[in-house]
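# A structural walkthrough
In case you want the letters, here they are:
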Amino acid sequence: KQEVTQIPAALSVPEGENLVLNCSFTDSAIYNLQWFRQDPGKGLTSLLLIQSSQREQTSGRLNASLDKSSGRSTLYIAASQPGDSATYLCAVRISGSRLTFGEGTQLTVNP
Amino acid sequence: NAGVTQTPKFRILKIGQSMTLQCTQDMNHNYMYWYRQDPGMGLKLIYYSVGAGITDKGEVPNGYNVSRSTTEDFPLRLELAAPSQTSVYFCASSYSFGGGRFANYGYTFGSGTRLTVV
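I will try to describe carefully the structure that is included in this document.

Cut-off values and rules
Per-chain numbering applies: the sequence of each chain, read as written, is numbered from 1 onward. Whichever chain is written first is A, and whichever ligand is written first is 1; the rest continue in order. Under the rules for a predicted model, residues below a pLDDT of 70 receive no local features and side-chain atom pairs below 80 are neither given nor counted, while totals for whole chains, interfaces and linings still include all residues. Hydrogens and water molecules were not included; the side-chain quantities draw on all heavy atoms of the structure. The helix count covers DSSP runs of H or I at least four residues long, the strand count covers runs of E at least two residues long, and both are numbered beginning at the N terminus. Type-normalised accessible area, obtained with a 1.4 Å probe on protein chains alone, sets the label of each residue: buried when under 20%, exposed when over 50%, and partly exposed for intermediate values. By the counting rule applied here, Lys and Arg register as positive and Asp and Glu as negative, while His and the ends of each chain are not counted. Throughout, a charge is located at the NZ atom of Lys, the CZ atom of Arg, the CG atom of Asp or the CD atom of Glu. Taken over C-alpha atoms, the radius of gyration is set against a globule rule of 2.2 Å times the number of residues to the power 0.38. What makes two residues a contact is simply this: any of their non-hydrogen atoms within 4.5 Å. What counts as buried area is the accessible surface, traced by a 1.4 Å probe, that two parts surrender upon association, with contributions from both included. Salt bridge, as used here, is a side-chain nitrogen of Lys or Arg placed within 4 Å of a carboxyl oxygen of Asp or Glu. Polar contact is defined as a pair of N or O atoms within 3.5 Å, subject to the rule that within protein one atom must be able to donate a hydrogen and the other to accept it, and that residues adjacent in sequence are counted only when both atoms are side-chain atoms. The criterion for strand pairing is that DSSP finds at least two bridges linking the strands in question. We call a set of buried Ala, Val, Leu, Ile, Met, Phe, Trp, Tyr and Cys residues a nonpolar core when their side-chain atoms join them within 4.5 Å. Fitting a line to C-alpha atoms yields each axis, with helices limited to the stretch in contact; the angle taken between N-to-C directions then spans 0 to 180 degrees.

Before going further, it helps to spend a moment on the overall build of chain B. Summing up its helical and strand segments, chain B has zero helices and 11 strands in all. Walking chain B from its N terminus toward its C terminus, one meets helices and strands in the order β-β-β-β-β-β-β-β-β-β-β. Principal axes of the C-alpha set define a box for chain B whose edges measure 45 × 25 × 25 Å. The proportion of buried residues among the 118 residues of chain B is 45%. Side chains of chain B carry 10 positive and 7 negative charges; the gap between the two charge centres is 7 Å.

Shown next as structure tokens:
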């Protein structure tokens with residue numbers, strides 16, 4: 001059974017700091033991995049999708065990497081801003097269209 | 001476009017009561033899902049559907065039922081509410097692009113229903 005774990009569970013940083021969120025999964029037979037953002041009272045928003053054949057994807061200040069053989073992904077956020085405060089979830093797709101989610105990392109960026 | 005609309009946003013149920021969580025999407029997506037999220041946990045798949053008339057169980061289906069009579073609607077039914085069903089419920093839909101084993105899916109999530117069973 002695929003299990004997805006995210007570390008740390010919560011992170012508080014000062015504005016402007018670069019930071020890394022970690023995601024690990026137990027079964028390397030994935031189609032892709034996706035990072036989502038979750039704001040309180042709202043649904044999830046997709047940030048980045050990495051195919052199993054890719055090593056990384058970038059969007060603005062966000063960079064996600066994937067090491068499928070070791071079962072790890074990282075989300076790097078450069079020059080963090082208070083507006084980045086949210087919960088970040090990683091999810092893997094291993095069968096059909098279904099996703100398996102990690103527990104999330106709650107990020108707080110302090111002004 | 002409204003995207004994925006969930007109603008109600010909040011609900012308090014008594015043990016043993018039943019209710020239906022409504023989910024509607026206006027994007028003509030074939031795939032729809034129900035997830036629950038407990039505090040500090042990730043989303044767990046309850047049920048999913050790959051098209052009208054087709055549903056299947058996810059990770060945690062016990063205590064729930066679904067139906068998919070139209071492409072747009074995917075209601076989730078709780079028959080005998082229990083405190084263990086206190087959670088935030090998310091409905092989502094997705095479309096596929098690409099083909100075969102290289103198909104990818106774009107997901108849209110609703111804003112959630114916060115359910116408390118007392």
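Moving on to the overall build of chain A. In terms of regular secondary structure, chain A is built from zero helices and 11 strands. Going residue by residue from the N terminus, the α and β elements of chain A occur as β-β-β-β-β-β-β-β-β-β-β. Taken over the C-alpha trace, chain A has a radius of gyration of 13 Å; the compact-globule value for 111 residues is 13 Å, and the two agree within 12%. Seen through its C-alpha atoms, chain A measures out along the principal axes to roughly 40 × 30 × 20 Å.

The next point concerns the interface of chain A and chain B. When the parts of a complex come together, some accessible area is lost, and that lost area is often taken as the interface size. Across the contact, 21 residues belong to chain A and 21 residues belong to chain B. Taken together, both faces of the contact between chain A and chain B bury some 1,700 Å²; the carbon and sulfur share is 53%. Contact with chain B buries surface across chain A, with Ser97, Arg98 and Phe101 of chain A losing the most and accounting together for 31% of the total. Counting across the interface, chain A meets chain B through one salt bridge. In this structure, the salt-bridge partner of Lys1 of chain A is Glu59 of chain B, at a minimum N-O distance of 3.7 Å. Put simply, chain A and chain B have three residue pairs in polar contact (both at pLDDT 80 or more) between them. Contributions of two or more residues to the side of chain A that touches chain B are made by strand S4 (32-38), strand S5 (44-51), strand S9 (86-95) and strand S10 (98-101) of chain A. If one sorts the elements of the side of chain A that touches chain B by residue count, S4 of chain A sits on top with four residues.

A few words now on the pairing of S9 of chain A. Residue and element names in this part refer to chain A. Across the 10 residues of S9, eight count as buried, placing the element largely inside the fold. By the bridge criterion, seven bridges tie S4 to S9 in an arrangement that is antiparallel. Looking at S9, one finds that Trp35 is bridged to Cys90. By the bridge criterion, three bridges tie S9 to strand S11 (residues 105-110) in an arrangement that is antiparallel.

Residues and elements named next belong to chain A. Counting residues in hydrophobic clusters, the biggest one holds 22 residues, and the most contacted among them are Phe25, Leu33, Trp35, Leu75, Ile77, Tyr88 and Leu107. Within the residue set of this core, elements represented by two or more residues are strand S3 (19-25), S4, S5, strand S7 (62-67), strand S8 (72-77), S9 and S11. Those residues in contact with Tyr88 that sit more than four places away from it in its chain are Gln6, Leu21, Phe36, Arg37, Leu47, Leu75, Ile77, Gly104, Thr105 and Leu107.

Backbone-to-backbone hydrogen bonds pair the strands of a sheet. The strands run either parallel or antiparallel. Residue and element names in this part refer to chain A. Taken together, five strands build an open sheet; the order of strands is S1-S3-S8-S7-S6 and the sheet is antiparallel. Each end of this open sheet is capped by a strand with a single partner; those strands are strand S1 (4-7) and strand S6 (56-59). Adjacent strand axes in the sheet meet at a mean angle of 15 degrees, parallel and antiparallel pairs treated alike. Both S3 and S8 contribute to a ladder of six bridges, which runs antiparallel. Within the sheet, the bridge partner assigned to Leu19 lies in S8 and is Ile77.

Attention shifts here to the pattern of salt bridges. Residue and element names in this part refer to chain A. Enumeration according to the criterion identifies five salt bridges over all chains in this entry. The closest approach of N and O atoms between Arg37 and Asp39, which form a salt bridge, is 3.1 Å. You can call Asp39 partly exposed: its relative accessible area is 22%.

Right, let's get into the environment of Leu89 of chain A. Tracing the backbone through its elements, the reader meets Leu89 of chain A in strand S9. Judged by its relative accessible area of 0%, Leu89 of chain A is buried. Distance from Leu89 of chain A to Glu103 of chain A, taken between C-alpha atoms, is 6.8 Å for residues 14 residues apart in sequence. Those residues in contact with Leu89 of chain A that sit more than four places away from it in its chain are Gln6, Gln34, Trp35, Phe36, Gln38, Leu44, Phe101, Gly102, Glu103 and Gly104 of chain A together with Gln37 and Leu43 of chain B.

Just distances and angles here, no functional claims.
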